[in-house]
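Okay, here's what each chain looks like letter by letter:
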Amino acid sequence: MDSNTPPAYITHATDDVVVDVDNTIFYFEQLRHHKVPVEMHIYQKGNHGFIFKHKTWTVPLFEWMENSGFLTN
């Protein structure tokens, strides 16, 4: 990670049986310590394919994108 690392939006489920949520938390901490803009959302349930179970998971993603200047009206 360096000054060229892009901002990150991270979302994960704590009951993911494929990728442990601790990996995501570690990644978030590394980005934060390197002063890379990062936002993280962790769902309690949803497993690895949680996007199919949480229909509104994109709401905070699009809010982050708009607030970060990635979306324009």
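In the block above lies the structure referred to throughout.
Please read all numbers here as calculations on a predicted model, not as lab measurements.

Rules and cut-offs
Residues numbered from 1 in each chain as written. Predicted model: local features only at pLDDT ≥ 70, side-chain atom pairs only at ≥ 80, totals over all residues. Heavy atoms only, no water. Helix = DSSP H or I, 4+ residues; strand = E, 2+ residues; numbered from the N terminus. Contact = heavy atoms within 4.5 Å. Buried < 20%, exposed > 50% of the residue type's maximum accessible area, 1.4 Å probe, protein only. Arc of directions from axis to C-beta. Phe/Tyr/Trp six-rings, centres within 6.5 Å; stacked < 30°, edge-to-face > 60°.

Q: I would appreciate a short explanation of the environment of asparagine 47 in the present structure.
A: Take asparagine 47: it is sitting in the loop between strand E2 (38-43) and helix H2 (58-67). Spatially, the C-alpha atoms of asparagine 47 and arginine 32 are 25 Å apart, while their sequence positions differ by 15 residues. Excluding residues that lie within four positions of it along the chain, asparagine 47 makes contacts with Ala13, Asp15, Asp16, Val17 and Lys53.

Q: Honestly, H2 in this entry has me stumped. Any pointers?
A: Within an α-helix, residues lying three or four positions from one another point in the same direction, as the helix has 3.6 residues per turn. Looking at H2, one finds that the buried residues are Pro60, Leu61 and Trp64. Seen from one end, H2 has its buried residues packed into an arc of 105 degrees, which puts them on one side. On its buried side, H2 packs onto strand E1 (8-13) and E2.

Q: Please explain the packing of aromatic side chains as it appears in this structure.
A: Given two aromatic rings, one states the distance between the centres and the angle between the planes to describe the pair. Tallying each qualifying case throughout the model produces 2 aromatic pairs. Residues tyrosine 9 and tryptophan 64 carry aromatic rings whose centres are separated by 5.6 Å and whose planes lie at 45 degrees to one another, so their mutual orientation is tilted. With tyrosine 9 in strand E1 and tryptophan 64 in helix H2, this residue pair connects regions lying 55 residues apart in the sequence. In this structure, tyrosine 9 and tryptophan 64 share a single accessibility class: buried. An angle of 45 degrees between the planes, with centres 5.4 Å apart, marks the rings of tryptophan 64 and phenylalanine 70 as tilted. The rings of Tyr9, Trp64 and Phe70 are connected pair by pair, giving a single aromatic cluster.

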